[in-house]
Amino acid sequence: MKPYTDEPGPADGGGETQARAAVDPPGTGTTAPLADRLDAAVASVDAPDVVFAASVRGRRTLRGGGSDAAATGRQELRYEIGSASKTFAGLLLAHLAASGRVPLGHPVDAALFPDRPPGRDPVTLHHLITHTSGLPGLPRDFYPRALPRWNTNPYAGYDARRVVGAFDRARPRRPGTRWRYSNFGVAVLGHALAARTATPWDDLLREHVLDPLGLSGTTLRPGAGGGRDATGHAKDGTTPLPPLDIAGFAAAGAVRATPHDLLAFLEAHLEPGGPSADALRAVRRPVVSHGRGEHRQTHTLTWFQQPTPRGPAFFHCGATPGQQAFLGFCPATGFALAAVATRRYRPADPFSAEALTLLCEGP
């Protein structure tokens, strides 16, 4: 089973990580208690710090382990979730669209370059969040700037001005006709929404997503708010890495959060309510499908959708140069799962596969 094709970012840490079922076909069920299955998942991942946190209709279970004794207060640590941050960006866009402030079909050029006449076949905000803009995974001139920091902070040298400039120079063909995962595209989305609303990205996300959902343990910058950030590690599992500096790619991967905040975010998707109810329902609707047979993939505005015998499950993986994350939920079972690990993604790593299997098996 291959739910989606990954397109990893620099140093295999900044884009998607691969997720494949670790055992039997998803949804086959198990009689083992959930806590035991979480413990087994933690034990299967070789990383300094690993957390698997689950919620079943609001009742939470958190299990953690690893070789880093300093991570004993892990439920208070904020972990980098990399590309899983795109689910926050997608929810923000859905909220702004539902409230009538920013249409999904709004041309990106009109937001970033309002004095310029519109062109033919414009890239829209909807194209950016659904990875159908035609933009590459990263700007063409990104790699020379990333090389000096390739294994530590490859995004740090590429600021907002460069992201917007790269979009201005891009010439994507026929937006809306092809799915291609793009950190570049979602980064541009963040700048377009900030320009359209005349509000900085951090403030925009906090006002419409973080604060309404009560996510006080979630930030977009290392060291912000006085909390403690988890330390990432290189592929060897021992070399510590500096906190992620995402620079101009904030919308694509800036979120860092505690395990309980990640569960709260997922629980909101399970039972939509409050001012974000319409948006939370909107991001569960399928909008893009591509591929054939076992390679066919379905996506909502922001989630990857995985079929199970008890209904669709929704998930998103993420990675930074020194950490990994998995977020998922299944409305039919009231089950949400958040998992994090503080070691760089490796192709044979069981982390995301174990998480996907747990999610699809259900509580």
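What you are looking at is a predicted structure, and each value in this text was computed from that prediction instead of being measured.

Criteria and cut-off values
Residues numbered from 1 in each chain as written. Predicted model: local features only at pLDDT ≥ 70, side-chain atom pairs only at ≥ 80, totals over all residues. Heavy atoms only, no water. Pairing = 2+ DSSP bridges. Helix = DSSP H or I, 4+ residues; strand = E, 2+ residues; numbered from the N terminus. Salt bridge = Lys/Arg side-chain N within 4 Å of Asp/Glu carboxyl O. Buried < 20%, exposed > 50% of the residue type's maximum accessible area, 1.4 Å probe, protein only.

Caption draft 1: How the structure looks around the sheet that holds strand 5 (residues 228–229). The mixed open sheet is built from four strands, whose spatial order is 4-6-3-5. Here the strands that pair on one side only, and so sit at the sheet edges, are strand 4 (218–219) and strand 5.

Caption draft 2: Structural detail: the pattern of salt bridges. Under the criterion given, the structure shown has 13 salt bridges. The salt bridge involving Asp 229 is made with Arg 78; its shortest N-O contact spans 3.0 Å. You can see Asp 229 sitting in strand 5 and its partner Arg 78 sitting in strand 3 (residues 77–80), a full 151 residues away along the chain. The class of Asp 229 is partly exposed, set by a relative accessible area of 22%. Residue Arg 116 is joined to Asp 168 by a salt bridge in which the shortest nitrogen-to-oxygen separation is 2.8 Å. Here Asp 168 lies in helix 6 (residues 160–169) and Arg 116 lies in the loop between helix 3 (108–112) and helix 4 (125–129), a separation of 52 residues in the sequence.

Caption draft 3: The pairing of strand 11 (residues 324–330), seen in detail. When you tally the buried positions in strand 11, you get seven out of seven residues, the bulk of the element. What you see with strand 11 is no split at all: Gln 324, Phe 326, Gly 328 and Cys 330 on one side and Ala 325, Leu 327 and Phe 329 on the other are buried throughout. Inspection of the sheet shows strand 10 (residues 313–319) paired to strand 11 by six bridges, in the antiparallel sense. Looking at strand 11, one finds that Cys 317 is bridged to Phe 326. Count of turn residues in the strand 10/strand 11 antiparallel hairpin: four residues. Here seven bridges tie strand 11 to strand 12 (residues 335–341), and the two strands are oriented antiparallel to one another. The residue of strand 12 that forms the bridge with Phe 329 is Ala 336. Joining the antiparallel neighbours strand 11 and strand 12 is a turn of four residues, in which Gly 334 adopts a positive phi near 65°.

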